[in-house]
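Topology and contacts: notes
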Amino acid sequence: MDTSLFTRTGDLRWEIPPHGKMRVPAIIYADEALIQAMDEKVYEQITNVATLPGIVEAAYAMPDAHWGYGFPIGGVAAFDPAAGGVVSAGGVGFDISCGVRTLHTGIRREDVEAVKPALAELLFARIPSGVGSTGLIHLNDRQLDEMLAGGAAWAVSRGYGTAADLERIEEHGCMADARPEAVSAKAKHRQRQEMGTLGSGNHYLEVQHITRIFDPATAAVFGLREGEVVVSIHCGSRGLGHQIGTEFLKKMAISASQHGIDLPDRELACAPIESPVGQSYLGAMRAGINCALANRQIITHLARQAFAEVLPQARLTLLYDVSHNTCKVETHQSDGQPRRLFVHRKGATRAFGPGHPAVPQPLRAVGQPVLIGGTMGTASYILVGTEAGERLSFSSACHGAGRALSRHQATRQWQGRAVIAELAAQGILIRSVSLRGIAEEAPGAYKDVTAVVDAAHHAGLAHKVARLEPVICIKG
Amino acid sequence: MTASSSNRWEHFPHGADIGIRGYGASKAAAFDQAALAMLAIMVDPATVAPAMEVAICCEAPDDELLLVDWLNALLYEMATRRVLFSAVQVELADHELQGTAWGEAVAPQKHVFGVEVKGATYTELGVRQLPDGSWLAQCVVDV
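So, here is what we can say about the structure in this document. (Residues numbered from 1 in each chain as written. Chains lettered and ligands numbered in written order. Predicted model: local features only at pLDDT ≥ 70, side-chain atom pairs only at ≥ 80, totals over all residues.)

**Here we look at the overall build of chain B**
Within chain B, the regular secondary structure consists of two helices and eight strands. When its helices and strands are written in sequence order, chain B yields β-β-α-β-α-β-β-β-β-β. Over its C-alpha trace chain B gives a radius of gyration of 14 Å, about what one expects of a compact globule, namely 15 Å for 143 residues. By its C-alpha atoms, chain B is 45 × 35 × 30 Å across when sized along the principal axes. Looking at chain B as a whole, 53% of its 143 residues are labelled buried. Considering only contacts within chain B whose residues lie at least 6 apart along the sequence, 60% involve residues at least 24 apart. (Helix = DSSP H or I, 4+ residues; strand = E, 2+ residues; numbered from the N terminus. Rg over C-alpha atoms; globule rule 2.2 N^0.38 Å. Buried ≥ 20, exposed ≤ 12 C-beta atoms within 10 Å, placed from the backbone. Contact = placed C-beta atoms within 7 Å.)

**Side note on the overall build of chain A**
Assigned secondary structure in chain A consists of 15 helices and 19 strands. Relative to the globule expectation of 23 Å for 476 residues, the C-alpha radius of gyration of chain A, 21 Å, shows essentially globular dimensions. Taking the principal axes of its C-alpha atoms as reference, chain A extends roughly 60 × 50 × 50 Å. The burial tally for chain A puts 64% of its 476 residues in the buried class.

**Observations regarding the nonpolar core**
A:Leu123, A:Leu383, A:Ala456, B:Ala34 and B:Trp70 are the most contacted members of the largest nonpolar core, which has 223 residues in total. Per-element accounting of this core gives the leading share, 17 residues, to helix H10 (residues 276-310) of chain A. Residue contacts for A:Ala456: discarding those within four places in its chain leaves A:Met62, A:Pro63, A:Leu383, A:Ala397, A:Cys398, A:Leu461 and A:Ala462. (Core = buried A, V, L, I, M, F, W, Y, C linked by C-beta atoms within 7 Å.)

**So, the interface of chain A and chain B**
At the interface, 41 residues of chain A touch 31 residues of chain B. Every element with two or more residues in the side of chain A that touches chain B is listed here: strand E4 (59-69), helix H7 (185-191), helix H9 (238-255), helix H12 (407-413) and helix H14 (435-440) of chain A. Take the side of chain A that touches chain B: its biggest share by element is nine residues, from H9(A). Taken together, the residues of the side of chain A that touches chain B sort by class into 10 nonpolar, 19 polar and 12 charged. (Nonpolar A, V, L, I, M, F, W, Y, C, P; charged D, E, K, R; others polar.)

**Some points on the sheet that holds strand E3 (residues 52-59) of chain B**
Residue and element names in this part refer to chain B. In spatial order, the strands read E3-E5-E4; together these three strands make up an open sheet with antiparallel pairing. In this open sheet, the two edge strands, each paired with only one partner strand, are E3 and strand E4 (83-93). Within the sheet, the average angular offset between the axes of one strand and its neighbour, ignoring direction, is 20°. Sheet topology note: the E3/strand E5 (residues 96-105) ladder contains eight bridges and is antiparallel. Bridging from a neighbouring strand, Cys 58 pairs with Leu 97 of E5. The strands that helix H2 (residues 63-81) touches are E3, E4 and E5; relative to E3, the one it contacts most, it runs at about 140°. (Pairing = 2+ DSSP bridges. Axes fitted to C-alpha atoms, helices over the stretch in contact; angles between N-to-C directions.)

**Some points on the sheet that holds strand E13 (residues 337-346) of chain A**
All names here are of chain A. If you walk across this open sheet you meet the seven strands as E1-E2-E3-E4-E5-E13-E12, and the pairing is mixed. Of all the strands in the sheet, the pair left with one neighbour each is strand E1 (7-10) and strand E12 (325-334). The mean inter-strand angle of the sheet, taken between neighbouring strand axes irrespective of direction, is 40°. The sheet contact formed by strand E3 (residues 26-29) and E4 spans three bridges and is parallel. Its bridge partner being in E4, Ile 28 is matched across the sheet by Ala 61. Taken strand by strand, helix H2 (residues 40-49) contacts strand E2 (13-16), E3, E4 and strand E5 (71-79), and its axis lies near 110° from that of E4. Packing against the sheet, helix H15 (residues 449-459) makes contact with E2, E3 and E4, and its axis sits at approximately 145° to E4.

**Brief notes about the environment of A:Val230**
Residues and elements named next belong to chain A. Tracing the sequence through the fold places Val 230 in strand E9 (residues 228-235). Judged by the 24 C-beta atoms lying within 10 Å of it, Val 230 is buried. Residues Val 230 and Ile 428, 198 residues apart in the sequence, show an inter-C-alpha distance of 14 Å.

**A closer look at the packing of helix H4 (residues 116-126) of chain A against H10(A)**
Residues and elements named next belong to chain A. It is the contact of H4 with H10, at a shortest axis distance of 9 Å, that shows an interaxial angle of 150°. H10 is crossed by H4, and the crossing has right-handed handedness. Along the contact surface, H4 presents Ala 118, Leu 119, Leu 122, Leu 123 and Arg 126, while H10 presents Leu 302, Ala 303, Gln 305, Ala 306, Glu 309 and Val 310. (Left-handed = near helix turned anticlockwise from the far one by under 90°.)

**Structural notes on the packing of helix H1 (residues 27-42) of chain B against H2(B)**
Residues and elements named next belong to chain B. At a closest axis distance of 10 Å, the pairing of H1 and H2 adopts a crossing angle of 45°. Comparing the axis directions of H1 and H2 gives the class oblique. Relative to H2, H1 is oriented so that their crossing is right-handed. Between H1 and H2, the contacting residues are Phe 31, Ala 34, Ala 35 and Met 38 on the first element and Leu 67, Trp 70, Leu 71 and Leu 74 on the second. Per-class residue counts for the contact of H1 with H2 are eight nonpolar, no polar and no charged. (Parallel < 35°, antiparallel > 145°, perpendicular 65-115°, else oblique.)

**Topic: H4(A)**
For H4(A), the full list of buried residues reads A:Leu119, A:Ala120, A:Leu122, A:Leu123 and A:Phe124. Against helix H3 (109-113), strand E8 (204-213), H10, strand E18 (429-432) and strand E19 (462-475) of chain A lie the buried residues of H4(A).

**Focus: the pairing of strand E16 (residues 380-385) of chain A**
Residues and elements named next belong to chain A. For E16, a buried count of six out of six residues is recorded, marking the element as mostly surrounded by other parts of the structure. As defined by bridge partners, strand E15 (residues 369-372) adjoins E16 across four bridges and the pair is classed as antiparallel. When the bridges of E16 are listed, Leu 371 appears paired with Ile 382. In this sheet, E19 lies alongside E16 in antiparallel orientation, the contact comprising six bridges. Note that in E19 the partner of Val 384 across the bridge is His 463.

**Here's the deal with the pairing of E4(B)**
All names here are of chain B. Two elements, E4 and E5, share 10 bridges in a ladder whose sense is antiparallel. Within E5, the position partnered with Ala 87 by the bridge is Trp 102. Connecting the antiparallel pair E4 and E5 is a turn made up of two residues, with Asp 94 showing a positive phi of about 50°.

**Re unusual backbone geometry**
Leaving glycine out, the prevailing phi sign among residues is negative, and the prevailing peptide bond configuration is trans. Residues and elements named next belong to chain A. Positioned with a positive phi, Asp 177 is a non-glycine residue whose angle comes to about 60°. Checked against the element boundaries, Asp 177 lands in the loop between helix H6 (163-166) and H7. In this structure, Ser 395 is a non-glycine residue whose phi angle is positive, near 55°. The residue Ser 395 is located in the loop between helix H11 (389-393) and strand E17 (396-397) in this model. Judged by the 29 C-beta atoms lying within 10 Å of it, Ser 395 is buried.

**Comments concerning H15(A)**
Of the residues making up H15(A), those classed as buried are A:Val449, A:Val452, A:Val453, A:Ala455, A:Ala456, A:His457 and A:Ala459. Taken from the residues just after H15(A), A:Gly460 is the one with a positive phi, measuring 90°.

**Here's the deal with the environment of A:Asn140**
Residue and element names in this part refer to chain A. Positionally, Asn 140 belongs in the loop between H4 and helix H5 (141-157). Accessibility expressed as a C-beta count within 10 Å gives 10 for Asn 140, which makes it exposed. Spatially, the C-alpha atoms of Asn 140 and His 189 are 9.3 Å apart, while their sequence positions differ by 49 residues.

See below:
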């Protein structure tokens, strides 16, 4: 993007002052190279978000921002219901509560090297992934409703994992105020066979090793040691979330004018928080969050079973589970007072700082783990939330590398088989049902995750703790 | 240009997802082609036999919402029936759509997979007649 479009208000802070129908400024956090490389559509979309009713402080875009649908991916916006604030299905996305969880294993890189191909095959065989895959658990109507109300806590009650896992998941593994009855029969039907599936696209299960510690004190609290192996899982709410998003996007697009909302673009479809459509969406979306939490919990169980067969000495314990496609009710300081706001994060990670009551007690003194998924050939990062994040971005940070090339461009530039061979030569084993999916996800199709994470670090959104590099990647 | 030769589809670039665009001699044909563009993201259609057929009906207040509904209805039928489609035919009357899709059950050994499509979005959404009288139907789909 042309940097002259912005007022630079800090080394890494680019502001679009309110103009036209904007109610608040739009602020992008990025270094100069990232903002120059950023899609012009991010400017258009974040400016549009700033026009929505009841928006508070500013519309924010994270360093990995790119062109999305409605909100940019990497967009953060908070709305006050008392000021006519809205909730937007496009501001959450189709993959409700898509997120990342990272598990310790207690074993070292060399332990994995000895059994790497066997472990890759077993994980690939046990964790359903890709187009049309089905899970082993099929739920009836009553069980689906219980899952939608209970989230990961439901999964644990069914024997998938332990109570200790729940303490390391946002909302203690169960999103409150979920309304399974607000989820359509079609959405439930779509989920019936998809529990415990990874999906496809950029979703993955990776076995990674810790290659660098940036902040030894925080790493010690998080239990991260250089040379040790972790497992990260990136996926979301599967067909149920997609169907909820599909249905409410339409409902909100049709009802916007009835609510007196002048949409700059239909893709920004939204409804007042206090309207029946808004309330119904929130209930359904929270049920979608529980579906994603249950899904990641079941996949964790499958991963534990696979590890137990090949590496019985491994103990997979949860560091943290964080969602990056959500709308959550949070209290933030605004105009010098605490306000109850509906914070949308679309491809952005919550990043609560030290002392925040939502951070699990053993980690609270240092802050919340912020899990940033990179590419299958480069690296992922673990960061920690900061105190400054609260006033910078409603405690939000980036969520990944962000694409540099479209999927379309990527398939012209790379071939799946060649990408697999190249990564194998670097010691990274890839397993996937889709060669085209591998080409679309080629590491070179993404921005430099290190540059994105460095920008988040220097902007103060979250601070770097550890770098993870892939050893095995099961790609959906 | 003959009517049939104006029927084609293409993908257009989008930041994280994929744009689908169908061109047709008629609006209904453009809807067919947009659907084929979406199906080709999920699977190589040449590997999917038109062994079974599914009827699909949609209704929406305008052409654009109808296109999104049609695409999402296809995704829903594929997801819940565990099938993949490789051929479609649409008939339009005002804002009602009667469609037929042909395909077969998902078969990992046989089908050459792409990536799953989560939903059709309103981004870059458009249904319009072109100066030569043919039609265009397009949107971005989330993958």
